[in-house]
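Descriptive structure summary
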Amino acid sequence: MRAAIVRRVSTTKEVQENSLKNQKDYFEEYVKARGWDIVEIYTEQESGTKADRKEMKRLIADAKAKKFDVILAKELSRLARNQKLALEIKEIIEKHGIHLITMDGAIDTTTGNTHMFGLFAWLYEQEAQRVSERIKAALETKSKRGEFQGSVPPYGYVVRNGKLYVSDDGTPDIVKRIFLSYLGGKGFDAIARELFEEGVPTPSMVAGKKNATLFWHGSSVRKILENPHYTGDLVQCRQSTISVTNTSRKEKPKTEYIVVRDAHEPIISRELFESVQQLIAFNRKKSLNNPEVCSRPHQNVHLFTGIIFCPDCGSGFHYKRNGACYICGRSDKLGEKACSKHRIREAALVGIIREDLQRLSKLFDDQSLYNMVSAKLGKAKAKLEKELKACTEKMENIKKLKSKALAKYLEEAISKEDYNDFVAAKDAEMQKLLERKEQLEASLSESVDGNKLDKIRGIVASALEFKELNREVINRFIEKIEVAADGTVKLYYRFAGTSKILNELMANAK
């Protein structure tokens, strides 16, 4: 018979090279003893969990062309650790009258030994999944020890013995400049353009990448601005593959990140980082709701430009230099028929903000009130965490039940119809749990406990220390301002959960 040899290893390490040679020698002896001919050898150095493999595609195409009579593999896992691919190969060789023999004795179609094919395919995929999970667990353990797991350290840092250290090449100062520039009102692209014009080394240049570019991009600036490592915290395991057979990466919920606080020296303060994140989120929302805002990149930026809005029509306010005030943008452009001429002087608005911060500070100073609200908010957060844990456990249990059902189906203990009905029911249950989990995670991200309450009190105190309100200070503490037609001002602070805190403080105030 004409034999096709399949040999595969997972990596290109030297020990694996020896394995390839040993496999080839073994098959040559096996074929020679039977008087067969080797017509093709398919060699792979990649994971068997992948379906999109060049050599496997070639094997399938040659099988369809009847270029050989039998496929020889050390074991089924050398062909595939992907159950779907393994069953596809089974269907192809049966259709074209090609035999399959595995050297471990599990499968030999020349003797009719095929009934365990599906079960072995499932077992090998499960084994690969377990190996993958063990590797992930090992990486998570290292992450929890504060070891940096990335291949390239963040711009401004170097890696020594698995730890991040502030670089002495001047890049940390660039990082600080980027954060302060954004808080000062400059956009991603404007910052990138300045850095390029000054010849500042790009992240790819500092990393020594082969395809390093001289050009700074807005996306590179944003990546720096959104990287929590600059606060001294190590935040890792933020993504994961969907499964061992689907290596597409998905973002994990923030509650599943591995965070080691104060793992290394910070380049910027936590307060500055949080202010920038809130400003990025606000600007993103603003651009989605009002795209024309982004079409004027060179407009003059005054103290409250892009922050003050009309609650009636939603338009941003325009600054009027001759009156040192702001008025509704729609009424300014189209007249009072379009919207009433809401107006407020800049000096008056500055005074209102200072007065509001002072009022909030006084509420925080009432320790008994503060403790009461802190305890109430803490209980609410604990309740959310408890429900999220229960929801996650239910989802894991459904996965186990589906795996057991698949095993029974492959063993022909249940019919295909019963298996499909069970899976459909569990998938529907899983979808409801997934939706609830997302709701709980969103609520948790906005929840407030004692630690966050302390942080907000500190932010209010630091805001009051500034002698004058400038653009940077405004961006640190204010998310949005609304001015009604009657002159009523509503402030939206960047402190997460502020409205909830204020409501609780006011409701419980004596």
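So, how was this worked out
Residues numbered from 1 in each chain as written. Predicted model: local features only at pLDDT ≥ 70, side-chain atom pairs only at ≥ 80, totals over all residues. Heavy atoms only, no water. Helix = DSSP H or I, 4+ residues; strand = E, 2+ residues; numbered from the N terminus. Buried < 20%, exposed > 50% of the residue type's maximum accessible area, 1.4 Å probe, protein only. Contact = heavy atoms within 4.5 Å. Areas by Shrake-Rupley, 256 points an atom, 1.4 Å probe, with all protein chains shown as cover. pLDDT = per-residue confidence, 0-100. Pairing = 2+ DSSP bridges. Axes fitted to C-alpha atoms, helices over the stretch in contact; angles between N-to-C directions. Parallel < 35°, antiparallel > 145°, perpendicular 65-115°, else oblique. Left-handed = near helix turned anticlockwise from the far one by under 90°. Nonpolar A, V, L, I, M, F, W, Y, C, P; charged D, E, K, R; others polar. Salt bridge = Lys/Arg side-chain N within 4 Å of Asp/Glu carboxyl O. Core = buried A, V, L, I, M, F, W, Y, C linked by side-chain atoms within 4.5 Å. Arc of directions from axis to C-beta. Polar contact = N/O pair within 3.5 Å; in protein donor to acceptor, adjacent residues only side chain to side chain. Phe/Tyr/Trp six-rings, centres within 6.5 Å; stacked < 30°, edge-to-face > 60°. Patch = residues over 30% accessible without salt bridge, like charges linked within 9 Å, V, L, I, M, F, W, Y side chains within 5 Å. Expected span 1.5 Å × (residues − 1).

**Quick word on the overall build of the protein chain**
- Assigned secondary structure in the protein chain consists of 17 helices and 16 strands.
- Relative to its full complement of 510 residues, the protein chain shows a buried share of 41%.
- For the protein chain, the share of sequence-separated contacts (at least 6 apart) that also reach a separation of at least 24 residues comes to 65%.
- As displayed, the protein chain offers around 28400 Å² of accessible surface, 50% of which is attributable to carbon and sulfur atoms.

**Concerning the confidence of the model for the protein chain**
- The predicted model of the protein chain has a mean per-residue pLDDT of 78, with 76% of residues at 70 or higher.
- Across residues 291-300, confidence stays below pLDDT 50; counting only partners more than four residues off in sequence or on other chains, it has six contacts.

**A short note on the sheet that holds strand S11 (residues 308-309)**
- Pairing is mixed in the open sheet, where three strands are placed in the order S11-S15-S16. The open sheet has two edge strands, S11 and strand S16 (489-493), and neither has a second partner.
- Strands S11, strand S15 (478-483) and S16 of the sheet are contacted by helix H12 (residues 346-365), whose axis makes an angle of about 60° with S16.

**Brief notes about the packing of helix H6 (residues 171-183) against helix H7 (residues 188-197)**
- As a packed pair, H6 and H7 sit with axes 10 Å apart at the nearest point and diverge in direction by 140°. With respect to their mutual orientation, H6 and H7 come out oblique. Of the two possible hands of crossing, H6 and H7 adopt the one that is right-handed. Counting all contacts with H6, which are made through Ile-174, Arg-177, Ile-178, Ser-181 and Tyr-182, the residues of H7 involved are Phe-188, Ile-191, Glu-194 and Leu-195.
- A class-by-class count of the residues in the contact of H6 with H7 yields six nonpolar, one polar and two charged.

**Looking at the pattern of salt bridges**
- Considering all chains together, one arrives at 18 salt bridges under this definition.
- The partner of Arg-58 in a salt bridge is Glu-40, and the shortest N-O contact between them spans 3.6 Å. Here Arg-58, found in helix H2 (residues 54-64), pairs with Glu-40, found in strand S2 (residues 37-45); they are 18 residues apart in sequence, far enough to count as distant.
- On the basis of relative accessibility, which here comes to 29%, the residue Glu-40 falls in the partly exposed class.
- Between Asp-62 and Lys-67 there is a salt bridge, and its shortest N-O distance comes to 3.4 Å.
- Of the residues examined, Lys-67 reaches a relative accessible area of 49% and is grouped as partly exposed.
- When salt bridges that share partners are traced, they join Arg-177, Lys-186, Glu-194 and Glu-198 into one network.

**Things to note about the nonpolar core**
- By size, the foremost hydrophobic cluster in this structure holds 29 residues, and its most contacted members are Ile-178, Phe-179, Trp-216, Leu-225 and Tyr-230.
- Among the nonpolar cores identified, the runner-up in size contains 22 residues, and Tyr-326, Ile-474, Val-489 and Tyr-493 belong to it.

**Comments concerning the sheet that holds strand S3 (residues 70-73)**
- With parallel pairing, the four strands of this open sheet are ordered in space as S2-S1-S3-S4. A single partner strand is all that each edge strand has here, and the edge strands are S2 and strand S4 (99-102). This sheet shows a mean twist of 20° between the axes of neighbouring strands, independent of strand direction.
- Of the strand pairs in this sheet, strand S1 (residues 2-9) and S2 are connected by eight bridges, and their pairing is parallel. Along S2, the bridge assignment pairs Arg-7 with Thr-43.

**Remarks on helix H9 (residues 218-225)**
- Along H9, the residues classified as buried are Gly-218, Val-221, Ile-224 and Leu-225. Along the long axis of H9, the arc covered by the buried residues comes to 125°, so they all point the same way. Opposite its buried face, H9 presents the exposed residues Ser-219 and Lys-223, each directed more than 90 degrees away.

**Some remarks on the pairing of S16**
- Residue alternation in S16 divides its side chains into a buried set, Val-489, Leu-491 and Tyr-493, and an unburied set, Lys-490 and Tyr-492.
- Relative to S16, S15 runs antiparallel, the two sharing five bridges. Of the residues in S16, the one forming a bridge with Lys-480 is Tyr-492.
- The antiparallel pairing of S15 with S16 creates a hairpin that spans five residues between the two strands, and Gly-487 there sits at a positive phi of about 90°.

**Considering the side chain of Asn-227**
- Counting through the fold element by element, Asn-227 comes out in the loop between H9 and strand S7 (234-236).
- Residue class for Asn-227 comes out buried when judged on its relative accessible area of 13%.
- Reaching out from Asn-227, the side chain makes a polar contact with the backbone nitrogen of His-229 at a distance of 3.0 Å.

**A word on the packing of aromatic side chains**
- By the definition in use, this model includes 12 aromatic pairs.
- An angle of 90° between the planes, with centres 5.5 Å apart, marks the rings of Tyr-155 and Trp-216 as edge-to-face. Here the residue Tyr-155 occupies a position in the loop between helix H5 (117-144) and strand S5 (157-160), and Trp-216 occupies one in the loop between helix H8 (203-207) and H9, the gap between them amounting to 61 residues.
- When its relative accessible area of 6% is taken as the criterion, Trp-216 is described as buried.

**Digging into a nonpolar patch on the surface**
- A contiguous nonpolar surface patch, about 390 Å² in accessible area, is contributed by Phe-196, Met-205, Leu-214 and Phe-215.
- Residue placement: Met-205 occurs in helix H8.

**A look at unusual backbone geometry**
- Positive phi outside glycine occurs at Asn-161, with the angle close to 55°.
- Within the secondary structure layout, Asn-161 lies in the loop between S5 and strand S6 (163-166).

**Topic: the side chain of Arg-7**
- Its location among the elements puts Arg-7 in strand S1.
- Of note is the side chain of Arg-7, whose polar atom sits 2.8 Å from the side chain of Thr-43.
- Not counting chain neighbours up to four residues away, the residues in contact with Arg-7 comprise Leu-20, Lys-21, Gln-23, Lys-24, Ile-41, Tyr-42, Thr-43 and Glu-44.

**Comments concerning H6**
- Here H6 is 13 residues long and its end C-alpha atoms lie 19 Å apart, about the 18 Å a rise of 1.5 Å per residue gives.
- After H6 finishes, the residue Gly-185 shows a positive phi value of roughly 115°.

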